[in-house]
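# Observations on the model geometry
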Amino acid sequence: MLSLQRLLPFLRWPRPSRELVRGEALAGLAVGLMVIPQGVAYAALAGMPLVTGIYASMLPALLAVLFSASARLSVGPTALTCLLVSASLTGLAEPGSARWVELAVWLALLSGLLQVLLGFMRFGWLLNIVNAPVLMAFTQAAALLIIASQLRSLLGIEVPWRTLLDSPVFDWSSLAFGLGSLTLLMLARRFKPAYPSVLLVVLVSAALSYVLGFEARGGQVVGPLPQGLPALYIPAMLDLDTASRLVLPTLIITLVSFLETASSAKVDNERQGTRWNQNQDLIGQGLGKLASGLSGAFPTSSSFSRSALNLYAGARTGWATVFSVGVVLAALLVFTPVLRHVPQAVLAAIVLVAVLGLIKPREFARLWRISRAEAVTAGATFAITLLAAPQLYWGVLAGVLMALIHFLYQRLHPRIIEVGLHADGSLRDRHLWKLAPLAEDTYALRMDAALDFAAAAEFERAIGEYLAVHPDTRHVCLFAQPINRIDATGMDVFLKIAGQLQLRGITLHISGMKLPVEQALVRAGWQADAPGLKLYRTDNEALAGLQGRG
């Protein structure tokens, strides 16, 4: 039964009670009312038919919550994933065309299949290759690009940007709808975050648009949307050239969308005091993407803002998502005629409000204070993402590559210090704190890293250079407590150093060697009772042995 519940997480949901149903229904209503206008707005951002934003909020959300470990996340259209879809397909098809929809469906199917496979193979750890600074920089750059893409609709600009200064042409009605909606939504977000302000703004703007004849006077509106459930969508097979051009976008969408999920899932699990099961969430999110593709929509992800609203509204289980899907379904059947009159400027305002919170320039200054190397990586990711638009994936790839190079550099240059006894009784960097040697004719060192192929050469170099400068050294003491792992290269280097010290008549003292490291060395032929070798279990024993050897 336990293995079945692990495979089917929804079996762990509590049975509905009157109190539970009422709370979950209210939370589901709040999220459902928010996701309807957001889904339409995000579909426009992705270049998709607007109704697909509603399709992506139903069956994908239901499957994702049924098979995810984090049952309180709101899955559906998100701004960042929709921007990646638009950027990935630019140049391959015309936005909104049948070919564009077909390619977007393939992105959903491929990224969904990849996530399911990663989850079943328990490869969720692979997604940790993107560190927080890279994700932060990419998110902020993407947010700026989203804002830039929505300004024409928001401000009612009817001419290309390059001719705007020479012949400014505005649709003043669109400008009023856009700025008015933006102002109301920002005020509501600040003072009434749980209020269905997005839906109210949509309803009011639709009513005003209808009364004022906005569409009849040439205003850009949502237009008619098809009613009824989505039909099963089976895309045509891809040719080899197109498939190869979708590989990299698929990888980036898979990576970024799941990192969006991680940001919400970690918060949710911390509040519940549980451990995040990232592999199960990969499976659930992947199934959601597959359902979205088969519905004729685009890749989905977990929305941080809607997930936060779900928690704020009191959701305790996945039943809240079931209710929200019911709300979206009812809206699809009866509410779509109302959406017809909503100005496009209002949709742009909805998108802008969702992404404005992602702009956090102070994070770069904070990162500079913490780590200048990571700040440079973040800055490069930010700049490359903007400059490479619409091929946004180059920003992520550059950031990941720079972060891995920095990580590898640190591994190849481990911190190796000569230690001395501080006045407080601790062992510290002798040269930094200007401390006396631990004992006469003694080199006492500590390496704060695993003794593996990356650190072995530096470890050997540190000891060799010291002995070359101090030929009268008679004792070498390694404080080995930080060394928690050793590989074959590390063993070879360690045995080589031990043999050279023995030939030179230098006693090797080792303090605090961990049992797995010691057992590995013994299997490699090391003899712990060899002459010229002394082992200590604690640093105090080693200090006593060094200072009392006379």
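Residues numbered from 1 in each chain as written. Predicted model: local features only at pLDDT ≥ 70, side-chain atom pairs only at ≥ 80, totals over all residues. Heavy atoms only, no water.

Attention now goes to the packing of aromatic side chains. Counted under the stated rule, the structure contains 9 aromatic pairs. A centroid spacing of 5.4 Å and a plane angle of 65° characterise the contact between W13 and W319, whose relative ring orientation is edge-to-face. Here the residue W13 occupies a position in the loop between helix 1 (2-7) and helix 2 (18-45), and W319 occupies one in helix 13 (residues 319-334), the gap between them amounting to 306 residues. Seen from their ring centres, F177 and F214 are 5.2 Å apart, and the 70° between their planes marks the pair as edge-to-face. Remark: F214 occurs in the loop between helix 9 (197-212) and helix 10 (240-272) and F177 occurs in helix 8 (residues 172-191); sequence separation between them is 37 residues. Each of the two residues, F177 as well as F214, counts as buried. (Phe/Tyr/Trp six-rings, centres within 6.5 Å; stacked < 30°, edge-to-face > 60°. Helix = DSSP H or I, 4+ residues; strand = E, 2+ residues; numbered from the N terminus. Buried < 20%, exposed > 50% of the residue type's maximum accessible area, 1.4 Å probe, protein only.)

This next bit is on the pairing of strand 5 (residues 442-447). With 6 of 6 residues buried, strand 5 lies mostly within the body of the structure. Burial along strand 5 is two-sided: the face carrying T442, A444 and R446 and the face carrying Y443, L445 and M447 are both buried. Judged from the 3 bridges that link them, strand 3 (residues 416-421) and strand 5 form a sheet pairing that is antiparallel. Note on strand 5: the bridge partner recorded for I417 is R446. (Pairing = 2+ DSSP bridges.)

Averaged over all residues, the pLDDT of the chain equals 90, while 96% of them reach at least 70. Taken element by element, the predicted model of the chain shows its lowest mean pLDDT in helix 1 (64) and its highest in strand 6 (residues 475-479) (97). (pLDDT = per-residue confidence, 0-100.)

Here we come to the packing of helix 5 (residues 79-89) against helix 10. Across the interface, helix 5 lies against helix 10 with an axial gap of 10 Å and an inter-helix angle of 175°. Our classification of the angle between helix 5 and helix 10 gives roughly antiparallel. On the side of helix 5, the interface is formed by L80, T81, L84, V85, S88 and L89, while helix 10 contributes L246, P249, I252, I253, V256, S257 and E260. Considering only residue class, the contact of helix 5 with helix 10 consists of 9 nonpolar, 3 polar and 1 charged. (Axes fitted to C-alpha atoms, helices over the stretch in contact; angles between N-to-C directions. Parallel < 35°, antiparallel > 145°, perpendicular 65-115°, else oblique. Contact = heavy atoms within 4.5 Å. Nonpolar A, V, L, I, M, F, W, Y, C, P; charged D, E, K, R; others polar.)

Here we come to helix 17 (residues 372-387). In an α-helix, one turn spans 3.6 residues; hence positions three or four apart end up facing the same way. Between the first and last C-alpha of helix 17 there are 22 Å, a value that for 16 residues agrees with the 22 Å anticipated at 1.5 Å per step. Listed as buried for helix 17 are A375, T377, A378, A380, T381 and T385. Lining the buried residues of helix 17 we find helix 7 (132-155), helix 16 (362-370) and helix 18 (393-412). (Expected span 1.5 Å × (residues − 1).)

Right, let's get into the pairing of strand 6. Taking burial as the measure, the 5 residues of strand 6 include 5 buried ones, the bulk of the element. Where burial is concerned, the two faces of strand 6 agree: the one with H475, C477 and F479 and the one with V476 and L478 are both buried. The pairing of strand 5 with strand 6 spans 5 bridges and is classified as parallel. Each residue of the ladder has a partner; that of A444, found in strand 6, is C477. Inspection of the sheet shows strand 6 paired to strand 7 (residues 507-511) by 5 bridges, in the parallel sense. Paired with H475 across the two strands is T507, which belongs to strand 7.

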